[in-house]
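Chain and residue survey
Take a look at the letters that make up each chain.
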Amino acid sequence: MVAVDASRVHRAARWLVRQHLERIASRPMPRGLAPSGIEEAYAVQEAFVSLKSRHCGDVVGHKIALTTPRMRAMVGLDAPLAGRLHARQVVRGPACVRAADYGRLLVEFEIAAQMAADLPVLTVPYSIDQLSRAVGAVMPALELADDRGADYATLSARGPELAADNAWNEGAVLGAPKADWRGIDLAEITGIAYVNGAIVGEGRGADTMGHPFAALAWVANHLASRGHGLRSGDIVITGSLVTSKFPQAGDRIRFEAGALGAVELQVS
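An account of the accompanying structure is given in this report.

Observations regarding the overall build of the protein
The helix and strand tally for the protein stands at six helices and 12 strands. The C-alpha radius of gyration of the protein comes to 17 Å, within 12% of the 18 Å expected for a compact globule of 268 residues. Counting every position in the protein, which comprises 268 residues, the buried fraction comes to 54%. When contacts within the protein are restricted to residue pairs at least 6 apart in sequence, long-range pairs at least 24 apart make up 79% of them. Split by element, the accessible area of the protein, about 11,400 Å² in all, is 53% carbon and sulfur. Averaging the coordinates of the 28 positive side-chain charges in the protein and doing the same for the 28 negative ones gives two points 5 Å apart.

Spelled out as structure tokens, the structure:
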């Protein structure tokens, strides 16, 4: 790994915490704090997540973002991004959140996996088959994120900052876990997103890197490259099947994922 300036990393993490706690609109990180590259960005993320855990609970899972070339190009990166999920921000649906608790709430529509076995750090990449044997349950999920009103026109120059900011994650709403998922072709699952009863998007499981477990394998291998492993009980959300939506107070969100069932969120 590239050496990073530990003092700068921790100052950057504290700066991010202040931005979130005070709900300050998204802006470029100060020149003296902005990560110089993706390695430093992940170091800032680890420090930020550690500080955030004091308010939001321990890390209980992971996310992947930017699973398509188009999304990666938008932020000037050539690989997906990983982030962490915190215990107090992961809930079972149906759930309710307040729009006022976010700078600008965005929701994504995903397939989540819950691990049933530990995956230790390996020196060779995990395969989809290895990952599938370690998955205990699969379920629909809504990712909750906060872009704090980011100007998307500027993101192509701020990709590492998105990684440092935990890929904007602020939690997830999980549907009922399905333990007998092995007879379901997850790549062929059709996901349908609704806002207030109207369809606002559709996608397939294959839209996340060809298969949701391909995204899961990417997360496992990313963690291994940083000296971490997945743990039994961890939740991993594997990328949105539908473009991000920006709900307003009063909106009711529903995501149907075929044989996996559905999950709902009310925004107040």
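Thoughts on the sheet that holds strand β1 (residues 59-65)
Reading across the sheet, the seven strands line up as β2-β1-β10-β5-β6-β7-β3 and stay open at both edges, with mixed pairing between neighbours. Each edge of the open sheet carries a strand with a single partner, namely β2 (81-86) and β3 (90-92). Taking the axes of each pair of neighbouring strands and ignoring which way they run, one obtains an average angle of 30° across the sheet. Bridge count between strand β5 (residues 105-115) and strand β6 (residues 135-146): 11 bridges; the pairing is antiparallel. Across the sheet, the residue bridging to Gln 114 is Ala 137, located in β6.

Definitions and cut-offs
- Residues numbered from 1 in each chain as written.
- Predicted model: local features only at pLDDT ≥ 70, side-chain atom pairs only at ≥ 80, totals over all residues.
- Heavy atoms only, no water.
- Helix = DSSP H or I, 4+ residues; strand = E, 2+ residues; numbered from the N terminus.
- Rg over C-alpha atoms; globule rule 2.2 N^0.38 Å.
- Buried < 20%, exposed > 50% of the residue type's maximum accessible area, 1.4 Å probe, protein only.
- Contact = heavy atoms within 4.5 Å.
- Areas by Shrake-Rupley, 256 points an atom, 1.4 Å probe, with all protein chains shown as cover.
- Lys, Arg positive; Asp, Glu negative; His and termini not counted.
- Charge placed at Lys NZ, Arg CZ, Asp CG, Glu CD.
- Pairing = 2+ DSSP bridges.
- Axes fitted to C-alpha atoms, helices over the stretch in contact; angles between N-to-C directions.

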